[in-house]
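Coordinate inspection notes
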Amino acid sequence: MKAFFQKYQTLFETLLLLMILAGGCVWKYEEWKLQQTQQEIAGKILRFHVRANSNSPADQALKLKVRDAVGAVMQQDLAGVQDRIQCEDIVKKQMPRIIKTAEEVIAQEGYTYPVSAQIGTAAFPQKTYGNYTFPAGDYQALHIVIGSGKGRNWWCVMYPNLCFHGAVYEVKDEEAEKNLKQVLSDEEYDAVLKSGKYKIRFKYLDFLNKFLD
């Protein structure tokens, strides 16, 4: 047996190298496919991003109160919205109201922090909401910055609404499914299900998957 392997050692090494190269090609293709899917999803949704003044417990709690107040207000305004562009138009028109709502919450809590709000593009990390995971990448979002904006961020999806029900922050998988299916294609919807699809794996080279775990 030893003599057999020695005789064909070069062949085995060549085959192993070819398998690794093939796996690398599959990996790069899956990365490209994920990037394309992310860009398609990003074109259909509007994220919601709130940045706290600092990481102190008080500032972090304030961030969440601003989030809840703005979310409750915008949920009413965005009822019946048909696409991201329409959503953005409404948010832009309501920007003074959004800022005023945030300022009122900040003042009620005894702070004098300035607050700004705008729609713009930002890099989001991979985030999971209930059963749904959105890939990392650039997304359009409503950004609210409290004070210096140096504290931890809060992220969610404003359109379609995944995060607010009534006046509270809550992710309901049943509502999320309904809302997402109205906006995303079947392929895009399947891609954001929390099923590990963002962990690129070698489908036919199982022995390489241990390096990804």
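Higher on the page you've got the structure.
Residues numbered from 1 in each chain as written. Predicted model: local features only at pLDDT ≥ 70, side-chain atom pairs only at ≥ 80, totals over all residues. Heavy atoms only, no water.

**Some words on the pattern of salt bridges**
The test is simple: When a carboxyl oxygen of Asp or Glu is within 4 Å of a side-chain nitrogen of Lys or Arg, the pair counts as a salt bridge. Every helix listed is a DSSP run of H or I at least four residues long, and every strand listed is a run of E at least two residues long, numbered separately from the N terminus. Between buried and exposed lies partly exposed: a residue is buried under 20% and exposed over 50% of the maximum accessible area for its type, with that area taken using a 1.4 Å probe on protein chains only.
The full count for this structure, using the stated rule, is 6 salt bridges. Here K65 makes a salt bridge to E109, at a shortest N to O gap of 3.0 Å. Of the two residues, K65 sits in helix 3 (residues 57-77) while E109 sits in the loop between helix 5 (95-108) and strand 2 (115-124), which places them 44 residues apart along the sequence. Salt-bridge contacts for R84 lead to E88; the nearest nitrogen and oxygen are separated by 2.8 Å. In this pair, R84 and E88 both sit in helix 4 (residues 84-93), 4 residues apart, roughly one turn of the helix. The class of R84 is buried, set by a relative accessible area of 16%. Under the relative-accessibility criterion, E88 is labelled buried at 5%.

**Re the pairing of strand 6 (residues 153-159)**
Remember that side chains alternate between the two faces of the sheet whenever the strand is regular. Put simply, the rule is: When DSSP locates at least two bridges between a pair of strands, those strands are taken to pair.
In terms of burial, strand 6 is a largely internal element, 6 of the 7 residues being buried. By the bridge criterion, 6 bridges tie strand 1 (residues 46-51) to strand 6 in an arrangement that is antiparallel. When the bridges of strand 6 are listed, V50 appears paired with W154.

**Notes on the packing of helix 3 against helix 5**
Stated formally: Each axis is a line fitted through C-alpha atoms, and for a helix only the stretch in contact is used; angles between axes span 0 to 180 degrees, taken between their N-to-C directions. Less than a right angle of anticlockwise turn of the near helix away from the far helix marks a crossing as left-handed, whereas a clockwise turn marks it as right-handed. Residue contacts follow a heavy-atom distance rule, with two residues in contact if any of their heavy atoms lie within 4.5 Å. Under this grouping Gly is polar, as are all residues other than the nonpolar Ala, Val, Leu, Ile, Met, Phe, Trp, Tyr, Cys and Pro and the charged Asp, Glu, Lys and Arg.
The N-to-C vectors of helix 3 and helix 5 enclose an angle of 145°; their axes lie 9 Å apart at closest approach. Considering how the two elements wind past one another, helix 3 and helix 5 form a crossing that is right-handed. Only R97, I98, T101, A102, V105 and I106 of helix 5 make contact with helix 3, whose side of the interface consists of L62, K65, V66, A69, V70, V73, M74 and D77. Residue classes in the contact of helix 3 with helix 5 are distributed as 10 nonpolar, 1 polar and 3 charged.

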